[in-house]
There are 4 protein chains.
Amino acid sequence: MRILLRHPGVELVCATSRQYAGQRVADLFPRFRHVPGADLVFTDSDAAEIAATGAEAAFLALPHGVSASYGRALVEAGLRVIDLSADFRLNSPAVYEEFYGKPHPDPELMQEAVYGMPEWHREEIKKSRIIGSPGCYPTSILLPLIPLLRAGLVLPQDIVVNSGSGVSGAGRKADVQYHFCECNESMRAYGVPRHRHLSEIEQELSLAAGEEVVITFTPHLMPVNTGIETTTVAKLAPGVTADDLTACYEKAYANAPFVRLLGAGKPADTKNVTRTNFVDIGWAVDTRTHRAVLMSAEDNVIKGAGGQGVHAFNIMFGFDETEGLWLI
Amino acid sequence: MRILLRHPGVELVCATSRQYAGQRVADLFPRFRHVPGADLVFTDSDAAEIAATGAEAAFLALPHGVSASYGRALVEAGLRVIDLSADFRLNSPAVYEEFYGKPHPDPELMQEAVYGMPEWHREEIKKSRIIGSPGCYPTSILLPLIPLLRAGLVLPQDIVVNSGSGVSGAGRKADVQYHFCECNESMRAYGVPRHRHLSEIEQELSLAAGEEVVITFTPHLMPVNTGIETTTVAKLAPGVTADDLTACYEKAYANAPFVRLLGAGKPADTKNVTRTNFVDIGWAVDTRTHRAVLMSAEDNVIKGAGGQGVHAFNIMFGFDETEGLWLI
Amino acid sequence: MRILLRHPGVELVCATSRQYAGQRVADLFPRFRHVPGADLVFTDSDAAEIAATGAEAAFLALPHGVSASYGRALVEAGLRVIDLSADFRLNSPAVYEEFYGKPHPDPELMQEAVYGMPEWHREEIKKSRIIGSPGCYPTSILLPLIPLLRAGLVLPQDIVVNSGSGVSGAGRKADVQYHFCECNESMRAYGVPRHRHLSEIEQELSLAAGEEVVITFTPHLMPVNTGIETTTVAKLAPGVTADDLTACYEKAYANAPFVRLLGAGKPADTKNVTRTNFVDIGWAVDTRTHRAVLMSAEDNVIKGAGGQGVHAFNIMFGFDETEGLWLI
Amino acid sequence: MRILLRHPGVELVCATSRQYAGQRVADLFPRFRHVPGADLVFTDSDAAEIAATGAEAAFLALPHGVSASYGRALVEAGLRVIDLSADFRLNSPAVYEEFYGKPHPDPELMQEAVYGMPEWHREEIKKSRIIGSPGCYPTSILLPLIPLLRAGLVLPQDIVVNSGSGVSGAGRKADVQYHFCECNESMRAYGVPRHRHLSEIEQELSLAAGEEVVITFTPHLMPVNTGIETTTVAKLAPGVTADDLTACYEKAYANAPFVRLLGAGKPADTKNVTRTNFVDIGWAVDTRTHRAVLMSAEDNVIKGAGGQGVHAFNIMFGFDETEGLWLI
């Protein structure tokens, strides 16, 4: 909403919330008071009513399992849908069931949907009527790895990923584990050893490698509001150097406005990307073990969620793809 | 100093500082005002004067390269020395030179010194006149890995370690990169890909494995005052299960008062160990990749520095090894 | 509990919790694992059962309104009680009802109880069987003001107090307003203009001034775990200088081990008192307006709660009053 | 710079820095990489060279005492100047010397300059060639107080102000007192009892009250990156109620896009204004003492500095006054 309120090509005609229906957006989120457009009132989440507003696009920020039915109703009403849940990210109903614990409610639409990562699925996004916008961790993991796997510079076996995420990643809910005193001065792993995001990460890595990729991924909760830092370690193919990585990245992301290449030996820092749609990527070669160390940083709720969704929206609707996204 | 001031078997007779000579300890560190013993005045760092106080033990918290000469002078004056720098941790002068960039000034004393990790070098510590107290990162990495390597439960190849450390790890110095606004809401890797602590980590891992171990280690700076969280990923030997890890840990640390075993599937959280001498260890088995994920947390300046040093001191001087260390 | 577990004169025989009955203390608070004594199991909160343990003293950390009945049952069973709620702090049932919204359930015991501030009620504490331990804000406000009011150095009219408290002051509960992202990077007033603590603050200030004192007090929530910083502004009596304040404080607190006088022109800093039983007090004279600016800092859950309670306990039971309280 | 890079009416032609001349803006501030316009290179701070770029306006962010000479040179070269230092905020050379410790280098230009607070000096700003943009604390103090003083609703005597500021207020410099570990988990007053900002605060309050106003002001450093929270306590004129304050504010700020009135009994929270140009104002009446408690929050580096400067710039150059300032 922060992005859409300031997007020159967007008129926000409807905001829904089952919990807050009837309240003004700016009352619930006082940061938005006085901002043009923020006097909108939340309405109930009813697909027919949404369609009746004349909206051409809908962004869904719903729990997985819930998004699917709204997605179906809205695309059938003629809207193009950008879904931020996990419901439309996977191609395989079986993998969905394995990781999300129940059968997908609409496998047909799920398989029609496009994985909304602009850097690697731009052409499909253009034509799609429904987008599964990538998860926050996956975005920070896929962007550094995909080009190297596609080019065969790193081996698809033995990839080990560690990430830290800000507390906003857990959502805004009353739960003692996200109480200030439980998170401040704390760093801890969670979701070990099989976080749900592995399903989409491995789907896209396998696509890039041309073979099945299975990785070890350990997410951590860190005491910041927003931001994901990911450190990925992978074995290099024989003879590969840091310069090869540099050349590969520069080619892969020459036209990617929101991927910032920091260079060899340069770690990424979450503080440089918070509240922006950028992902920063640095890399190093550990010559003692012939491994690549990839370091990426993004804002989990912008590049890892809402910003990436608007990026896809820009592509779908023919806007300049950076429209509304030069957030600094 | 926080620990020694409250240790029932210690009388603090001397505190030295080149920078603060002449100032009262409690003026420089207002936290210590009114605490019995804290009206001590910093004196210059002169080994002969230290010896003249009649002290029986000295704790050195000096930069590497500087500690060596004080260590020599003090042991020759009959004190037993616990050195917190890197100068007495390594066995090999060649490795020291490789990682610290110049020849060791006193290779003989260096080779006499004992690596002061109580859990694995208790007997040597007892008899030693000089201790190289382990580094903060190494402590959090070695304690989870050593028993598994010794038991052959994990393979010594392909160990990947990620750590996050609080800002106190960088010391208390005026440097813009540790300014509040540069660290708050920030997470970043540094020292990639060859942090100096690798030298002692690999020395002790190789000792445990009975063969040379080379690992990939990526340290990060995280926005907390103190605390290290380490996530170690290693391949399991064929057939090894989470229960095997549990049994191995329970046996290895049955008599280790400061190692707390959290159990399988339980991540460690820095907030539970800050300001204590405990290290918490949890573990999980990633059955998809047959890897162990080891999660450890400690306070970098207590278990990772001063507390571990006092632990060794207790052993050297015949105190109960927990004396003064039930910090909560 | 952190203090009692390490207090040499205390054996902890019972810990009660309606919510956590049956759980081990160290499981709920992992920080306490391995600490001698922390394998206690929470039992239900039953006064008869508590008495049956043979305990001689009880610390109550219950909501106001609930404490009163436990206090009555326990003193009648022969225990001496240190109550950390508001139920036994006030002398006046009418004031209690005004600020806490209902009649006090046991006005007789309330009026027997002693306000447990050791610096100003030591002799009454010695003989008391029930103590109302002071609130966190009141402690930080009363200690700087009482000596000046008693000496007539500041005027009792026109006292304005601002305080900031760490989030632990709100307790450990699932409430979205204490979510990490709602508190981090946030500073906000609350409880304006009539915080409940005003009742005990004004009771004790009036006692010191010998006349009725009514103040303006604005508490704030600040993004730290523990700590209260209080800035008190008061008009000076004619002719009073900073030196007069200094002399008054030095005399008043010459024998107060936990009151640390910083001196004129020296602000107090919460970071020097966190996790200790100290309160730091600095002062300045604004000669342009002839006002005193008093700056105090304490740990809200130690000096402002548990530590102050143990201090009173030490006095009640004849221990050295600093026993178990040299926390650093 | 963050604002100017995205302002549709601005072309940034020059950025100067004595310290960083020759470096790219985006290299020093990695947050700006890839943002259109941020490939600018810092040049040395030379007024003639600045003028030669053809710039029509200059923003000065220099230490007080240094700004004055640049201000003179630039206005003489025909630029209109928005100065963020203290050099052009005061009307009285004597007050400047009293608070800043030396005579003003250019009293004539100082007296010509306009205090750049758009809400109260809009018409003068329009015509001015040099603006002294208000300080961060003063902005948060003046905006709540001016309308009440002008309307006679509060008394000009006995105003007591407490503020907390984020660490960015101290600038980005290597100084151990702003080290992460010195600020995190810390709250402390400083600059007591006579902060330099008092000079401009009292100048503007006196103007509003029509008589000399002298206040007591205590600033604090709080552990957030940006944000100022100010709590102002003032005696109400006889008979004044909370509704009177509400009516006064609504009238005074009916046309002020960046002043958000929260209403009676509503505290301001810094987290709602960080990175925006808004100031949030809430108020309460303490009927027990007949005082007003005013609570305001702003971002110290936006509304309290750069944003307010751009606001004045918009007015000077005939842009819509909100242009480039709907920052959320």
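Fair warning: this is a prediction, and the values are worked out from it, not measured in the lab.

Participant: How should the relation of the copies chain D and chain C be read in this particular structure?
Facilitator: Put simply, the second copy of the chain is the first one after a rotation about an axis and a shift along it. Note on the copies: chain D fits chain C at an RMSD of 0.0 Å, the axial shift is 0.0 Å, and the rotation between them is 180°. Taken together, these values place the two copies in the relation of a two-fold axis. A shared interface surface links the copies, since 100% of the contact residues of chain D are contact residues in chain C too.

Participant: Can you walk me through the interface of chain D and chain C in this structure?
Facilitator: Contact with chain D, which involves 46 residues of that partner, is made by 46 residues of chain C. Of the roughly 3,700 Å² buried where chain D meets chain C, counting both sides, 55% is carbon and sulfur surface. It is D:Glu185, D:Met187 and D:Arg288 in chain D that bury the most area against chain C; as a group they hold 19% of the surface buried on that side. The salt bridge involving C:Lys271 is made with D:Glu182; its shortest N-O contact spans 3.6 Å. Linking chain D to chain C there are 26 residue pairs in polar contact (both at pLDDT 80 or more). Looking at the side of chain D that touches chain C, the elements that each hand over two or more residues are strand E5 (160-165), helix H8 (180-183), strand E6 (188-189), helix H9 (198-209), strand E7 (216-221), strand E8 (228-235), strand E10 (279-286) and strand E11 (291-298) of chain D. If you tally residues by element for the side of chain D that touches chain C, the top one is E8(D), at 4 residues.

Participant: Please clarify how the environment of A:Leu221 should be interpreted in this entry.
Facilitator: Residue and element names in this part refer to chain A. Mapped onto the fold, Leu221 is located in strand E9 (residues 216-221). Residue Leu221 is classed as buried on the basis of its relative accessible area, which comes to 8%. Residues Leu221 and Phe59, spaced 162 residues apart in sequence, show a C-alpha to C-alpha distance of 26 Å. What Leu221 contacts, discounting residues up to four positions off in sequence, is Ser165, Gly166, Val167, Tyr178, Cys183, Ser186, Met187, Arg188 and Tyr190.

Participant: I'm lost on helix H7 (residues 136-150) of chain B in this one. Help?
Facilitator: Side chains three or four residues apart in an α-helix point the same way, a direct result of the helix having 3.6 residues per turn. Taking 1.5 Å as the rise per residue, H7(B) with 15 residues should run 21 Å; its terminal C-alpha atoms sit 22 Å apart, in good agreement. At B:Leu142, H7(B) is deflected by roughly 40°, the largest bend along its length, and proline B:Pro144 occurs up to four residues later in sequence.

Participant: I tried to follow the pattern of salt bridges on my own but got confused; where do I start?
Facilitator: Side-chain pairs of opposite charge can arise whenever the charged atoms involved come near each other. Inspection of every chain in the model, using the stated rule, returns 72 salt bridges over all chains. The residue B:Glu202 makes a salt bridge to A:Arg288 at a minimum N-O spacing of 2.3 Å. Placement of the pair is B:Glu202 in helix H9 (residues 198-209) and A:Arg288 in the loop between strand E12 (279-286) and strand E13 (291-298), with the two residues belonging to separate chains. Look at B:Glu202 and you get buried, because its relative accessible area is 9%. By relative accessible area, which is 26% here, A:Arg288 ends up partly exposed. A salt bridge links D:Glu119 to D:Lys303; its shortest N-O distance comes to 2.7 Å. Here the residue D:Glu119 occupies a position in helix H6 (residues 118-127), and D:Lys303 occupies one in helix H11 (residues 302-316), the gap between them amounting to 184 residues. Across the pair, exposure class does not vary: D:Glu119 and D:Lys303 are buried alike.

Participant: When you look at the interface of chain A and chain B in this model, what are you seeing that I'm missing?
Facilitator: By a widespread convention, an interface's size corresponds to the accessible area lost as its parts come together. With 46 residues of chain A in contact, the opposing surface of chain B contributes 46 residues. Summed over both partners, the interface of chain A with chain B comes to about 3,700 Å²; 55% of that surface belongs to carbon and sulfur atoms. Together, A:Glu185, A:Met187 and A:Arg288 form the three largest contributors to the area buried by chain A at its contact with chain B, with a combined 20%. Applying the counting rule to chain A against chain B returns 10 salt bridges. Notably, a salt bridge pairs A:Lys235 with B:Asp158, separated by 2.9 Å at the nearest N-O pair. Inspection of the chain A/chain B interface yields 26 residue pairs in polar contact (both at pLDDT 80 or more).

Participant: Whenever I open this one, the packing of aromatic side chains confuses me. Can you help?
Facilitator: With the rule as written, the count across this model stands at 50 aromatic pairs over all chains. Between A:Phe180 and C:Phe180, the aromatic rings sit 5.4 Å apart at their centres with planes inclined by 10°, giving stacked as the arrangement. Taken as a pair, A:Phe180 in helix H8 (residues 180-183) and C:Phe180 in helix H8 (residues 180-183) lie in two separate chains rather than in one. We note that A:Phe180, like C:Phe180, is buried. An aromatic cluster is defined as three or more aromatic residues linked by ring pairs; in this entry it consists of A:Phe59, A:Phe313, A:Phe317 and A:Phe319. Here the guanidinium or amino end of A:Arg80 rests over the ring plane of A:Phe317, the centre of that ring lying 5.2 Å away. The residue whose ring lies beneath B:Arg260 is B:Phe278, and the NZ or CZ to ring-centre distance is 4.0 Å.

Each value, and the rule that gives it
- Residues numbered from 1 in each chain as written.
- Chains lettered and ligands numbered in written order.
- Predicted model: local features only at pLDDT ≥ 70, side-chain atom pairs only at ≥ 80, totals over all residues.
- Heavy atoms only, no water.
- Least-squares fit on C-alpha atoms with pLDDT ≥ 70 in both.
- Contact = heavy atoms within 4.5 Å.
- Buried area = accessible area lost by both parts, 1.4 Å probe.
- Salt bridge = Lys/Arg side-chain N within 4 Å of Asp/Glu carboxyl O.
- Polar contact = N/O pair within 3.5 Å; in protein donor to acceptor, adjacent residues only side chain to side chain.
- Helix = DSSP H or I, 4+ residues; strand = E, 2+ residues; numbered from the N terminus.
- Buried < 20%, exposed > 50% of the residue type's maximum accessible area, 1.4 Å probe, protein only.
- Expected span 1.5 Å × (residues − 1).
- Bend = angle between axes of the 7 residues up to and from the residue.
- Phe/Tyr/Trp six-rings, centres within 6.5 Å; stacked < 30°, edge-to-face > 60°.
- Lys NZ or Arg CZ within 6 Å of the ring centre and 35° of its normal.

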